[in-house]
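Results of the structural survey
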Amino acid sequence: METIETHMSWVFLVGEHVLKLKKPVRFPSLDFSTIGAREACCREEVRLNSRLAPGIYLGLMAVQWRAGRLAVVPEALALEDGVILDLAGVDAPPAEDADAGPADCRVPGPADGGR
């Protein structure tokens, strides 16, 4: 497994798959300080990029604590949500800017109906 860290994400390369987790950070241009904000931004990333890269963006996965270990499972009650990508058949490596996507990903937190 290879790990890439950017200012707003951790990107884990595992075989032909990628798991991208948003960091719990707040900058003037984005707010990922709540799990609800990170989940909503992951959903928006998948929605937008699935149209541009069909077959690559597979959806969201949940990170859960199971049997004393972290596990990545299909969407469920999560400690954290992440974007899962399939790079099988992709010739080029992921773009240098692994956080490419909407810059204005300000999303509602728990008080606004988010998780």
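Along every chain, residues carry numbers that run from 1 in the direction the sequence is written. Restriction of local features to residues with pLDDT of at least 70 applies here, the model being predicted, together with a cutoff of 80 or more for giving and counting side-chain atom pairs; totals for whole chains, interfaces and linings are based on all residues. Computation of side-chain values covers all heavy atoms of the structure but excludes hydrogens and water.

1. Let's talk about the pairing of strand β1 (residues 2-5)
To be explicit about the condition: If DSSP finds at least two bridges between two strands, the strands pair. Helix and strand assignments come from DSSP, with helices taken as H or I runs of at least 4 residues and strands as E runs of at least 2, each series counted from the N terminus.
Bridging between β1 and strand β2 (residues 9-14) involves four bridges; their strand directions are antiparallel. Directly across from Ile4, in β2, lies its bridge partner Val11. In sequence, β1 turns back onto β2 through a hairpin of three residues.

2. Notes on the side chain of Lys23
Under the convention used in this document: Under the rule applied, a polar contact is a pair of N or O atoms within 3.5 Å (in protein, one hydrogen donor and one hydrogen acceptor; residues adjacent in sequence only if both atoms are side-chain atoms).
On the secondary structure map, Lys23 appears in the loop between β3 (17-22) and β4 (26-27). Within the structure, the side chain of Lys23 is placed 2.6 Å from the side chain of Glu5, a separation counted as a polar contact. Of note is the side chain of Lys23, whose polar atom sits 2.7 Å from the backbone oxygen of Thr6.

3. Topic: the environment of Arg38
Keep this limit in mind: Relative accessibility decides the category of a residue: with a 1.4 Å probe and only protein chains considered, values under 20% of the type maximum give buried, values over 50% give exposed, and everything between is partly exposed.
Among the structural elements, Arg38 can be located in helix α1 (residues 35-52). Looking at Arg38, the relative accessible area reads 7%, which means it is buried. When the C-alpha positions of Arg38 and Lys23 are compared, they lie 7.9 Å apart, and in sequence the two are 15 residues distant. Of the polar contacts made by the side chain of Arg38, one reaches the backbone oxygen of Phe32; its length is 2.7 Å.

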